[in-house]
Amino acid sequence: MEDSSAKSARPVPTCFFVTDGKGYVPTRLTRGPWGPSISGNYVGGLLARAVEREVDDVDLQPARLTVDLLRPVPLQPLQMHSSVVREGRRLRVVDAVMTQNDVTVARASALFLRRSEHTTVDTVWTSPVTMPAVPADPVMLAGDVPMVLQSYGRDPVAGSPGVGVTEWRHHGQKFVWLRETKLLVDDEPLSPFTRVVMAGDVTSSLTHWGTDGLEFINADYTITLSRLPEGVYIGLASMTHYSHAGVATGVATLFDEKGPIGSGMATALANPGFTPPPSIVST
């Protein structure tokens with residue numbers, strides 16, 4: 001039996017994955033809320049990193065990434081494989097696959113579009129949404145807290161720290177601001193694309209959380225971006241939730257501190273029993 005004092009004395013990892021040859025070893029911080037497996041946001045982050053490394057043209061904008069969460073990803077070493085599927089003058093499509101012991105556990109498809117002059121003066125309708133103000137950083141933060149969250153719902157102005165266990169348990173609109181506190185791989189800085197993809201996994205929790213809590217587990221999520229985020233905080237505002245016969249889909253608008261940047265969408269299956277890790281319930 002492991003001594004609890006020795007466990008608490010272990011150095012806190014500074015990243016979610018450590019490279020080991022051609023593979024990646026997850027640190028203990030990657031454990032998700034659905035059991036002894038890697039959380040979907042870190043799976044998505046690693047897939048985003050893989051597709052981004054296939055694009056060396058700064059004028060190509062990551063416009064869409066779909067992450068398929070094919071099966072639980074154990075807390076074990078994994079491998080990444082990526083390839084360019086289509087390359088044209090104005091776009092590039094990249095696929096990435098995550099494997100463990102030669103079994104595919106997750107995959108992603110990404111679309112990059114070439115930026116150009118935006119000369120149109122037409123006004124196009126969109127659903128108006130206003131985010132709460134970006135929260136102040138916590139004065140103190142435990143070393144093993146993987147992300148800072150501020151959730152809004154019942155209190156749409158001040159909100160409360162941590163995942164919205166009570167704030168989101170109502171039938172109104174829900175919001176969250178979050179930022180990562182750790183690096184994704186070794187000592188690499190987080191790219192804006194990787195940062196927003198990791199945050200985008202929260203789309204499912206935000207949009208599928210109802211008056212009885214979170215009763216759905218997502219099988220995938222998609223991020224669409226009109227531009228890359230600026231700054232370290234990513235915000236999400238729930239827009240829709242539709243469910244029938246145990247199948248649900250939800251959409252959220254993504255924000256940075258300057259305004260909306262795109263959308264998140266998550267499809268999910270009925271699966272009661274969600275228990276958020278203590279490290280993200282209250283920060």
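Residues numbered from 1 in each chain as written. Predicted model: local features only at pLDDT ≥ 70, side-chain atom pairs only at ≥ 80, totals over all residues. Heavy atoms only, no water.

Undergrad: What is the right way to read the pattern of salt bridges from this model?
TA: With the rule as written, the count across this model stands at eight salt bridges. Among the salt bridges present, the one from Glu87 reaches Arg92, with a minimum N-O distance of 2.7 Å. Residue classification places Arg92 among the buried residues on the basis of a relative accessible area of 8%. The partner of Asp137 in a salt bridge is Arg179, with the nearest N and O atoms 3.0 Å apart. Of this pair, Asp137 sits in the loop between strand E6 (103–114) and strand E7 (147–152) while Arg179 sits in strand E9 (residues 175–180), placing them 42 residues apart in sequence. Of the residues examined, Arg179 reaches a relative accessible area of 15% and is grouped as buried. Counted as one network, the salt bridges with shared partners bring together Asp56, Glu87 and Arg92. (Salt bridge = Lys/Arg side-chain N within 4 Å of Asp/Glu carboxyl O. Buried < 20%, exposed > 50% of the residue type's maximum accessible area, 1.4 Å probe, protein only. Helix = DSSP H or I, 4+ residues; strand = E, 2+ residues; numbered from the N terminus.)

Undergrad: What is the right way to look at the nonpolar core in this model?
TA: Grouped burial of nonpolar side chains is what soluble globular proteins tend to show. Phe17, Leu46, Leu47, Leu65, Leu78 and Met98 are the most contacted members of the largest nonpolar core, which has 55 residues in total. At seven residues, helix H2 (residues 40–52) tops the list of elements feeding residues into this core. Excluding residues that lie within four positions of it along the chain, Leu78 makes contacts with Phe17, Gly23, Tyr24, Ile38, Leu46, Val73, Met98, Thr99 and Gln100. Formed by nine residues, the second largest nonpolar core is a distinct cluster that contains Val148, Tyr152, Phe175 and Ala237. (Core = buried A, V, L, I, M, F, W, Y, C linked by side-chain atoms within 4.5 Å. Contact = heavy atoms within 4.5 Å.)

Undergrad: Would you mind going over helix H3 (residues 192–200) with me for this structure?
TA: Within an α-helix, residues lying three or four positions from one another point in the same direction, as the helix has 3.6 residues per turn. Judged by how many residues are buried, H3 sits mostly within the fold: eight of nine residues are covered. Of the residues making up H3, those classed as buried are Phe193, Thr194, Arg195, Val196, Val197, Met198, Ala199 and Gly200.

Undergrad: Can you walk me through the packing of H2 against H3 in this structure?
TA: Each pair of packed helices can be described by the angle between their axes along with the distance between the axes. Across the interface, H2 lies against H3 with an axial gap of 8 Å and an inter-helix angle of 150°. Taken together, the axes of H2 and H3 lie roughly antiparallel to each other. You can see that H2 and H3 cross each other, and the crossing is right-handed. Across from Asn41, Tyr42, Gly44, Gly45, Ala48, Arg49, Val51 and Glu52 in H2, the residues of H3 making contact are Phe193, Thr194, Val197 and Met198. For the contact of H2 with H3, the per-class residue count stands at six nonpolar, four polar and two charged. (Axes fitted to C-alpha atoms, helices over the stretch in contact; angles between N-to-C directions. Parallel < 35°, antiparallel > 145°, perpendicular 65-115°, else oblique. Left-handed = near helix turned anticlockwise from the far one by under 90°. Nonpolar A, V, L, I, M, F, W, Y, C, P; charged D, E, K, R; others polar.)

Undergrad: Just checking my understanding: could you explain the side chain of Glu167 for this structure?
TA: Position of Glu167 among the secondary structure elements: in the loop between strand E8 (160–161) and E9. Buried charged residue Glu167 carries no salt bridge. Nearest counter-charge: Arg154, at 6.4 Å. From its side chain, Glu167 meets the backbone nitrogen of Arg154 in a polar contact 3.1 Å long. Polar contacts involving the side chain of Glu167 include one to the main-chain amide nitrogen of Asp155, which spans 2.9 Å. Sequence-distant contacts of Glu167, that is, excluding residues within four places in its chain, are made with Ser151, Tyr152, Gly153, Arg154, Asp155, Gly159 and Ser160. (Lys, Arg positive; Asp, Glu negative; His and termini not counted. Polar contact = N/O pair within 3.5 Å; in protein donor to acceptor, adjacent residues only side chain to side chain.)

Undergrad: Could you clarify how one ought to interpret the packing of aromatic side chains in this entry?
TA: Across all of its chains, the model carries three aromatic pairs by this definition. Summarising the aromatic geometry, the rings of Phe16 and Tyr42 are spaced 4.1 Å apart at their centres and angled 25° between planes, so their arrangement reads as stacked. With Phe16 in strand E1 (residues 15–20) and Tyr42 in helix H2, this residue pair connects regions lying 26 residues apart in the sequence. Of the two residues examined, Phe16 and Tyr42, each falls in the buried class. With centroids separated by 5.4 Å and ring planes inclined at 75°, the aromatic side chains of Trp168 and Trp209 adopt a geometry described as edge-to-face. Residue Trp168 is located in the loop between E8 and E9, and its partner Trp209 is located in strand E11 (residues 209–210); the two are separated by 41 residues in the primary sequence. Using a relative accessible area of 0% as the deciding quantity, one classes Trp168 as buried. (Phe/Tyr/Trp six-rings, centres within 6.5 Å; stacked < 30°, edge-to-face > 60°.)

Undergrad: I'm lost on the side chain of Thr222 in this one. Help?
TA: Structurally, the position occupied by Thr222 is in strand E14 (residues 220–225). A residue is classified by how much of its surface remains accessible, and Thr222, at 11% relative accessible area, is buried. In terms of polar contacts, Thr222 uses its side chain to reach the side chain of Thr66, at 2.9 Å. Setting aside chain neighbours within four positions, we find Thr222 in contact with Arg64, Leu65, Thr66, Ser263, Gly264 and Met265.

Undergrad: What am I meant to see in the pairing of strand E16 (residues 247–256) here?
TA: In regular strands, side chains alternate between the two faces of the sheet. Within E16, seven of the ten residues are buried, which leaves the element mostly enclosed by the surrounding structure. Taking the residues between adjacent antiparallel strands as the criterion, strand E15 (residues 234–244) and E16 are bridged by two residues, where Ala245 takes a positive phi near 50°. Where E16 meets strand E17 (residues 259–270), ten bridges bridge the pair, whose relative direction is antiparallel. When the sheet's bridge partners are listed, Gly250 is paired in E17 with Ala266. Remark: two residues form the turn of the hairpin made by E16 and E17, two consecutive strands paired antiparallel. (Pairing = 2+ DSSP bridges.)

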